[in-house]
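Now for the letters of each chain:
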Amino acid sequence: MRIGATLFVLAALSLAAVSHAQQGTRLFRWVDDKGEVHYGDRIPPEYANRDRDVLNEQGVNVGFEEGEVTAEERAVIQAAEIAAEAERIAMAEISRRDRMLLETYITVDDIEDLRDRRLELLESQIKVTELYLGNLRKRLVNLQTEASVFKPYTANADAPQVPANLALDISRTAASINLYEQTLARTRSDQQTLRLSFDDDIARFRELKGG
């Protein structure tokens, strides 16, 4: 038993010694900026970012190590990853829209019918807004005419100041006009955007259906 244990310990020490020897004789091979090949058991700091081959004591390639990544290289890698992720998301969105088109519509006429209904709804909103605007502008003209005999709307030095309620009415009417003008502009923009969106959907649907 003692002999067996002794042999086991000697074998373990031998393996450890071999392993240490192999680690101690590990060599690296790398290429510098000029394309020249270098060998060594350590990588000089100026070549730390270089990829290198790992060689055993017989000079046989037994592995590969990547060099350290510089801040510039890391930025390039991150930018590439971000671009790849953005492209993946864009492709997924295209696939989603394609499925929606094929599942929602049977013919181009179906798309055009929905487009026309939505455009008609926006057109109705535009006409109502224009009607409100017309009435508000007429009201503002009448209020300004009424206020024209009061200061500060007249050059008559003896004229009284415009009544507070009349001034407030003018201010509120002008603010309402401005609000409806913004609403009108936004609705017209939505109408144009909707028209272009449906044009794209029709073109894509035809492409998916093979013309």
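Since the structure is predicted, the reported quantities are computational estimates derived from the model, not experimental observations.

With that settled, consider the overall build of the protein. Looking only at helices and strands, the protein features four helices and four strands. For the protein, the residues scored as buried account for 19% of the 211 residues in total.

We now examine the environment of Leu114. The topology assignment puts Leu114 in helix α3 (residues 108–147). Here the alpha-carbon distance between Leu114 and Phe198, two residues 84 residues apart in the chain, equals 9.0 Å. When near neighbours in sequence (up to four residues on either side) are disregarded, Leu114 contacts Tyr105 and Phe198.

In this section: the side chain of Thr173. Tracing the chain through its elements places Thr173 in helix α4 (residues 164–208). The class of Thr173 is buried, set by a relative accessible area of 4%. When near neighbours in sequence (up to four residues on either side) are disregarded, Thr173 contacts Leu136, Arg139, Leu140 and Leu143.

Taken together, the three bridges between strand β1 (residues 27–31) and strand β3 (residues 52–55) define a ladder with antiparallel strand orientation. Considered in β3, the bridge of Phe28 is made with Val54. Sheet topology places β3 next to strand β4 (residues 61–65); four bridges connect them, and they run antiparallel. Within β4, the position partnered with Leu55 by the bridge is Asn61.

Another aspect to go through is the side chain of Thr129. You can see Thr129 is positioned in helix α3. Take Thr129: its relative accessible area is 8%, and that puts it in the buried class. In this view, Thr129 contacts Tyr180 and Leu184; residues no more than four positions away in its chain are not counted.

Counted by the stated rule, this structure contains 10 salt bridges. Arg29 serves as the salt-bridge partner of Asp53, at 3.3 Å between the closest nitrogen and oxygen. Highlighted residues: Asp53 in strand β3 and Arg29 in strand β1, separated in sequence by 24 residues. Using a relative accessible area of 22% as the deciding quantity, one classes Asp53 as partly exposed. Its relative accessible area of 23% is what places Arg29 among the partly exposed residues. Here Arg97 ties to Asp201 by a salt bridge, and the two come within 2.6 Å at their closest N and O atoms. Of this pair, Arg97 sits in helix α2 (residues 71–104) while Asp201 sits in helix α4; the two residues are 104 residues apart in sequence, bridging distant segments of the chain. Taking the relative accessible area as the measure of exposure, Asp201 reaches 9% and is therefore buried.

Reading guide: rules and limits
- Residues numbered from 1 in each chain as written.
- Predicted model: local features only at pLDDT ≥ 70, side-chain atom pairs only at ≥ 80, totals over all residues.
- Heavy atoms only, no water.
- Helix = DSSP H or I, 4+ residues; strand = E, 2+ residues; numbered from the N terminus.
- Buried < 20%, exposed > 50% of the residue type's maximum accessible area, 1.4 Å probe, protein only.
- Contact = heavy atoms within 4.5 Å.
- Pairing = 2+ DSSP bridges.
- Salt bridge = Lys/Arg side-chain N within 4 Å of Asp/Glu carboxyl O.

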